[in-house]
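# An overview of the molecular structure
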Amino acid sequence: MRKFFNRKSLNIVGLCIIFLIVFILNHFNGQIVDDLGYATVSNPLEHVWWEYFNWNGRAIGEFLAIGVLLKLPLILVDFLNTIAFMLLLWILEKFTETNESQKFSILRYALLFASIMVFTVVPGQDFFWTTGSANYLYTALFALIPLLVVYNKFRFNLVRNKNILTVFAIPFGLLAGWSTENIGGTTLLGLILLMILMLFNKQRIDRVTVLLSISTLVGYLLLIFAPGNSVRANGASVHIKGNVIQLFTFATQNYFIFIVIYLMLLVLVIIRCAAKNWITSSNKLLVGSVLFGVLAFADYFALMLSPITVAPRSHIGFVLLLSVAVVIMINFLISDIEWRLFPILVIVLISVEFIVQLVPGIFNTQENGQELVNRYNYIVNQKKAGNEYPVVSAVDYNKMSKFYGGYQLLDVTLGANAQFTKDVYNNFFGLKNIYSVSPELWDIFYKYANPLLLNEQQEKNYIHRLQKQNLSYVKFGMHNDGTAMVEDSKLSDLKIKHYGEAVEANVSGNTFVIRGTNITLSHDSITKKFSKNTTNYLVIDKSNDHILDLVSFDDGIAHRGE
């Protein structure tokens, strides 16, 4: 029993548990929005080249998504994303070592994992969404490699495998600089600050550090001066004051506790170091605590230079680097019995919040991922049955946790303003158009949709289809004189009640009241309103007691959904 609970066994068990959690979250997320669009790109290099000159300079992340990950089986992508995340955590754990002889600690590794999951606003988009992981997870991994190499040179005056690093310094640096606008710049800033500290401490700056710094600079210049950046900005100017206010507001709403924890730990570290006369540039632990805090805030507030609104997934560098600073200080303070109370409280706080968020988050991610799979299957089945104009259920944001890649991702709603996403769906599934309605309306009116009926877009062809398939329906709308028009066909054996200009129908346990251009589901007051200029049809399957379609025709053209 004692052998089982040795350090090595605990490390292996801990790594396996974290691997399993990350893999499950990856697997439950599936493919979302941009994944579908990029999956159809036949020439990745050509597309990335076009984006560099017409959209943005993130060629590394974009090619990784389009040319690699989205060409692989989904299960393999889940595995690779999990490995990348585990490697990222390993790099972060190496940053937190207080001395050269300190061994890998599963406790620091797990605390970093918990901190990142708790304080990242949209971990689903950063780590578990395929296109998002290519642009944020992998690029963060690439960016932090040169920083770790140079940080180790500063701390321990040591560069392992110097000959190998000399060979790979240029590609590593290019990948780091050419990552994302803020974390690439943050890495460059970190390299510069570390070289200044080394000069101040009269340490020799070796060729690996120089090569990494120069190539990171080159990569970053290739990123920020890409012609596509200005095209995407579309002439928008930078409003620094407004951006700073927006960033401060967002930080107080989402990162307040995280920042307070960092500042309180920093105060305790400074007090302890002052008591020991350790406040010098040679105190590598104090320097690390300050350095990673500075880099974290630099990464976050670099976004004030953006001419367009930046999504929270771009804050990944801030959370990663501030988590490193927090764990460095906890690792330092917890070793002293006089100072360990607050670090222990922080560990307990993060751990409890991690469990509170993660457990329901996993189940929620599975539910939302399955919901999207069901949507895809529904579209495929409708297309196979002859419908190129399917109606799907819109995504309910109130049901999402932040561990799902679609959380706060407006495109997955397929609402009226999501034409880009509709185009993606149309191209991926071979549709002519796609529509969405609320989950409540979809479940009632389109869950059992008749594919051939929905495929008819002209009213005259629609009527012909109704007659050909001998379908029952209620036709309703407004007469030219402003009075309500309602009539039914082949519904005599159903529970139909006429009340002058209104009709009441009972289908599948639901009672519908139709009058003029309104159709109301009376038991929960769901109302669907149509324009006064439209002619509307509610089509009913009498044999199965289902609704087959609800459609509105304006000038003879079909309209459904949003």
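Residues numbered from 1 in each chain as written. Predicted model: local features only at pLDDT ≥ 70, side-chain atom pairs only at ≥ 80, totals over all residues. Heavy atoms only, no water.

## A few points about the nonpolar core
Formed by 98 residues in total, the largest nonpolar core has its most connected members in Leu-92 and Phe-95. Beyond its immediate sequence surroundings of up to four residues, Phe-95 is in contact with Leu-144, Leu-147, Leu-148, Tyr-151, Arg-155, Phe-292, Val-324 and Ile-328. Of all hydrophobic cores here, the second largest spans 43 residues; its members include Ile-32, Leu-409, Leu-454 and Ile-514. (Core = buried A, V, L, I, M, F, W, Y, C linked by side-chain atoms within 4.5 Å. Buried < 20%, exposed > 50% of the residue type's maximum accessible area, 1.4 Å probe, protein only. Contact = heavy atoms within 4.5 Å.)

## So, the pairing of strand β7 (residues 510–515)
Across the two faces of β7 the burial differs, with Asn-510, Phe-512 and Ile-514 buried and Thr-511, Val-513 and Arg-515 not buried at all. Alignment of strand β6 (residues 502–507) against β7, held across 6 bridges, turns out to be antiparallel. When the bridges of β7 are listed, Ala-502 appears paired with Arg-515. Here β6 folds back onto β7, and the loop between the two strands holds 2 residues, one of which, Ser-508, carries a positive phi near 50 degrees. For β7 and strand β8 (residues 518–521), the ladder comprises 4 bridges, and the chain directions are antiparallel. Considered in β8, the bridge of Val-513 is made with Thr-520. Once β7 ends, the chain turns through 2 residues before running back antiparallel as β8, passing Gly-516 with a positive phi of about 60 degrees. (Helix = DSSP H or I, 4+ residues; strand = E, 2+ residues; numbered from the N terminus. Pairing = 2+ DSSP bridges.)

## Regarding the layout of surface pockets
Counted as a void, the largest pocket has a volume near 1,600 Å³. Lining the largest pocket are 50 residues, with Trp-55, Asn-56, Arg-58, Arg-232 and Ile-308 positioned closest to its centre. Elements with a minimum of two residues in the lining of the largest pocket: α2 (34–39), α3 (44–54), α8 (130–156), α10 (181–200), α11 (207–224), α12 (227–233), α15 (284–301) and α18 (419–429). Here the lining of the largest pocket takes 5 residues from α10, the largest share from any one element. For the lining of the largest pocket, the per-class residue count stands at 24 nonpolar, 16 polar and 10 charged. (1 Å grid on protein atoms, 1.4 Å probe; cavity = no way out; pocket = protein on both sides within 12 Å on 5 of 7 lines; lining within 4 Å. Points joined across faces, edges and corners; volume = space filled by probe spheres on them. Nonpolar A, V, L, I, M, F, W, Y, C, P; charged D, E, K, R; others polar.)

## A closer look at the sheet that holds strand β4 (residues 484–489)
Taken in spatial order, the 5 strands line up as β4-β3-β10-β11-β12 in an open sheet, and their pairing is antiparallel. In this open sheet, the two strands that pair with only one neighbour each are β4 and β12 (557–559). For this sheet the average axis-to-axis angle between neighbouring strands, irrespective of direction, equals 25 degrees. Bridging between strand β3 (residues 472–478) and β4 involves 6 bridges; their strand directions are antiparallel. Opposite Phe-476, over in β4, you have Val-486 as the bridge partner. (Axes fitted to C-alpha atoms, helices over the stretch in contact; angles between N-to-C directions.)

## Some thoughts on the pattern of salt bridges
Applying the stated rule across the entire model yields 8 salt bridges. Residue Glu-93 pairs with Arg-108 through a salt bridge whose shortest N-O separation is 2.4 Å. Of this pair, Glu-93 sits in helix α5 (residues 74–95) while Arg-108 is found in helix α6 (residues 106–119), placing the two residues 15 residues apart along the sequence. Like Glu-93, the residue Arg-108 is buried in the burial classification. (Salt bridge = Lys/Arg side-chain N within 4 Å of Asp/Glu carboxyl O.)

Any functional reading would require information beyond the geometric quantities listed.
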